Amino acid sequence: MIRTPSLLRRPFFSSSSSPPPPSSSCILPPPSLLRPHLISTPISLRCSAADSRSPPNREMATADNQQDPRLAGIASAIRVIPDFPKAGIMFQDITTLLLDVKAFRDTIDLFVDRYKDKGISVVAGIEARGFIFGPPIALAIGAKFVPLRKPKKLPGEVISEEYSLEYGTDKIEMHVGAVQAGERALIVDDLIATGGTLNAAIRLLERVGVEVHECACLMELPELKGRDRLGDKPLFVLVQSSVDAHDYH
Amino acid sequence: MFAAENGLKGDPRLEAISQAIRVVPHFPKKGIMFQDITTLLLDHKAFQDTVDIFVDRYRNMDISVVAGIEARGFMFGPSIALAIGAKFVPLRKPKKLPGKVICEEYELEYGTDCLEMQVDAVQPGDRALIVDDLVATGGTLSAAIRLLERMGAQVVECGCVVGLPEVKGQCRLNGKPVYILVEPREIDNCRHDISSEFLNVQCSG
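Residues numbered from 1 in each chain as written. Chains lettered and ligands numbered in written order. Predicted model: local features only at pLDDT ≥ 70, side-chain atom pairs only at ≥ 80, totals over all residues. Heavy atoms only, no water.

### Looking at the packing of aromatic side chains
- Within this structure, the stated rule accounts for eleven aromatic pairs over all chains.
- Note on A:Phe84 and A:Phe91: the rings are 5.0 Å apart at their centroids and 80° apart in plane angle, and the pair reads as edge-to-face.
- Arranged with centres 5.1 Å apart and planes meeting at 85°, the rings of B:Phe27 and B:Phe34 form a pair that is edge-to-face.
- Ring-pair connections join several aromatic residues into one group, and the members of that group are A:Phe111, A:Tyr115 and A:Phe236.
- Lying across the ring of B:Tyr179, B:Arg57 places its NZ or CZ 4.0 Å from the centre. (Phe/Tyr/Trp six-rings, centres within 6.5 Å; stacked < 30°, edge-to-face > 60°. Lys NZ or Arg CZ within 6 Å of the ring centre and 35° of its normal.)

### Overview of the confidence of the model for chain B
- Across chain B, pLDDT averages 88, with 88% of residues at or above 70.
- Interface scoring of the predicted complex returns ipTM 0.90; its pTM is 0.84. (pLDDT = per-residue confidence, 0-100.)

### Describing the state of the cysteines
Residue and element names in this part refer to chain B.
- Evaluated as defined, the whole model comprises one disulfide over all chains.
- Between Cys 103 and Cys 114 runs a disulfide, and the two sulfur atoms are separated by 2.1 Å. Here Cys 103 is found in strand E5 (residues 101-107), whereas its partner Cys 114 is found in strand E6 (residues 112-118), with eleven residues between them in sequence.
- Its relative accessible area of 29% is what places Cys 103 among the partly exposed residues.
- The class of Cys 114 is buried, set by a relative accessible area of 15%. (Disulfide = S-S within 2.5 Å. Helix = DSSP H or I, 4+ residues; strand = E, 2+ residues; numbered from the N terminus. Buried < 20%, exposed > 50% of the residue type's maximum accessible area, 1.4 Å probe, protein only.)

### Side note on the interface of chain B and chain A
- Between chain B and chain A, the contact holds 35 residues from the first and 35 residues from the second.
- Between chain B and chain A, the buried area comes to about 2,900 Å², and carbon and sulfur atoms account for 68% of it.
- On the chain B side of the interface with chain A, the three residues burying the most area are B:Leu42, B:Leu82 and B:Pro98, jointly 21% of the side's total.
- At the surface where chain B touches chain A, the tally comes to one salt bridge.
- When the shortest N-O distance is used, the salt bridge between A:Arg79 and B:Asp120 registers 3.3 Å.
- Taken together, the connections running from chain B to chain A amount to ten residue pairs in polar contact (both at pLDDT 80 or more).
- For the side of chain B that touches chain A, the element with the most residues is helix H4 (residues 73-84) of chain B, which contributes five residues.
- Grouping the constituent residues of the side of chain B that touches chain A by class yields 19 nonpolar, seven polar and nine charged. (Contact = heavy atoms within 4.5 Å. Buried area = accessible area lost by both parts, 1.4 Å probe. Salt bridge = Lys/Arg side-chain N within 4 Å of Asp/Glu carboxyl O. Polar contact = N/O pair within 3.5 Å; in protein donor to acceptor, adjacent residues only side chain to side chain. Nonpolar A, V, L, I, M, F, W, Y, C, P; charged D, E, K, R; others polar.)

### Topic: the UniProt feature "domain: Phosphoribosyltransferase" (unreviewed entry) in chain B
- In the numbering used here, UniProt assigns the "domain: Phosphoribosyltransferase" (unreviewed entry) feature to residues 52-163 of chain B.
- Summarising residues 52-163 of chain B: 28% helix, 38% strand, and an end-to-end C-alpha distance of 18 Å. (UniProt positions renumbered as here; feature names shortened; annotations may be inferred.)

### Digging into the confidence of the model for chain A
Residue and element names in this part refer to chain A.
- Residue-level pLDDT values for chain A average 79, and 71% of them are 70 or greater.
- In the predicted structure, residues 38-42 sits below a pLDDT of 50 and forms 30 contacts with residues beyond four places in sequence or in another chain.
- Every residue in residues 44-65 is under pLDDT 50, and counting partners more than four places away or in other chains gives 41 contacts.

### Description of the environment of B:Lys176
Residue and element names in this part refer to chain B.
- Tracing the chain through its elements places Lys 176 in strand E10 (residues 176-182).
- Looking at Lys 176, the relative accessible area reads 16%, which means it is buried.
- Residues Lys 176 and Ser 142, 34 residues apart in the sequence, show an inter-C-alpha distance of 9.2 Å.

### Observations concerning the nonpolar core
- Of all hydrophobic cores here, the largest spans 73 residues; its most connected members are A:Leu97, A:Phe133 and B:Val66.
- If we skip the residues at most four places from it in the chain, A:Phe133 touches A:Ile94, A:Leu97, A:Leu98, A:Phe104, A:Thr107, A:Ile108, A:Val188, A:Asp190 and A:Leu218.
- Within the second largest apolar cluster, 29 residues are counted, among which are B:Ala128, B:Leu141, B:Cys160 and B:Val178. (Core = buried A, V, L, I, M, F, W, Y, C linked by side-chain atoms within 4.5 Å.)

### Let's talk about the pattern of salt bridges
- Counted under the stated rule, the structure contains 29 salt bridges over all chains.
- Taking the shortest distance from any N to any O, the salt bridge between A:Lys233 and A:Asp232 comes out at 3.7 Å.
- A salt bridge links B:Arg59 to B:Asp56; the nearest nitrogen and oxygen atoms lie 3.0 Å apart.
- For B:Arg59, a relative accessible area of 44% puts it in the partly exposed group.
- Using a relative accessible area of 43% as the deciding quantity, one classes B:Asp56 as partly exposed.
- Each of A:Asp68, A:Arg70, A:Asp113 and A:Lys116 takes part in one network of salt bridges that share partners.

### Side note on empty space enclosed by the protein
- All chains considered together, the criterion is met by two cavities of 30 Å³ or more.
- Volume-wise, the largest cavity comes out at about 60 Å³.
- Along its surface, the largest cavity is lined by A:Phe91, A:Asp93, A:Ile94, A:Thr95, A:Arg129, A:Ile132, B:Pro90, B:Arg92, B:Lys96, B:Leu97 and B:Pro98.
- Residue composition of the lining of the largest cavity, by class: six nonpolar, one polar and four charged.
- Volume-wise, the second largest cavity comes out at about 30 Å³.
- Lining the second largest cavity, in full, are A:Arg149, A:Lys153, A:Leu154, A:Pro155, B:Phe34, B:Asp36, B:Ile37, B:Thr38 and B:Arg72. (1 Å grid on protein atoms, 1.4 Å probe; cavity = no way out; pocket = protein on both sides within 12 Å on 5 of 7 lines; lining within 4 Å. Points joined across faces, edges and corners; volume = space filled by probe spheres on them.)

Following this line, the structure appears as structure tokens:
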């Protein structure tokens, strides 16, 4: 098997800038110059108990070990905003990808190519950015779309699942009757960080007898080990990014 | 303006779309007959038809940006944007969007709320379509129009799946036309008095 070398995309810095200091400060490069890493993609991370935790650039890729040329455009269209929503967080902002018609279309196409013949009857999207990517995927693969929402947003009868936050808990809800036992589902969100919300989404669907085929996200923050919270459910992501400002040099 | 009165009279897709929308009485509070579009999203054909009707209307209008209002506008806007080759801009509740944003206040029944847009999302010369699931008072849509115009975009039209037939013919918001697929439905045998709160709304000029 030919291993494709990892492609590490580093952001471009002007010659006058120096690497950022260890602490987050105002001399970080402007947000427009920060880009997530494109390591090697597409990355299909199979999370079974038997898997060892190998570094991302040695994970088994999908059948085509070549890097899809669309991924570079997608990775470069996502911008990183430092210190949002609070100091120390490097926020992965996908709104710039939505402004890039080709990159947005390629994103959807990559997911559709993967899922179109897998017998998936429901795409569940997590509020709110999962609502942007989930419906186009659902429509293209012939599946229904089910929104998974914060409490009290969905009218009528719901079931809810609690999950942990850094401090306290939160809940996501789904309509009773939206899905039936035996259906096969894809869960979509823009990003997986700690995996708490995705884990809650998996539990919600499994509680009503749905088979969760896979979780799909544009981005993963692997240092937060979110994939470890998905049990035996596989995770598919297009790009990975570091949470650490130090890595942007 | 309603689709049935503007080129789609008798189109069977509209009846199917209307029937796919569930009415939930007294949500979020007594008297409101909530038009729940999530059941439309479960009906693949009706959902696809909804998107197709908007796409057919807007594909030749040189629309460069589709702005969707959080959160149900996110369920329709991106598919339309992708099909017509426009960028998608999310309009969000406060503090959700990173980076530099502008904010427009709009009225609620009690108090006000704010809608935000990132400043670099649109440019002068952009032709915009605003999408939401439903138009009631028009307050949120008006705020959306103002946001886009502040950054120099031209709002061509607002598109909503459900809207009130208060004004037969053209309903305008801030002078902009609103294109609506279906009217809200009522539950025929609802035993409670239906308060006029939801139904008695104006299309603001």
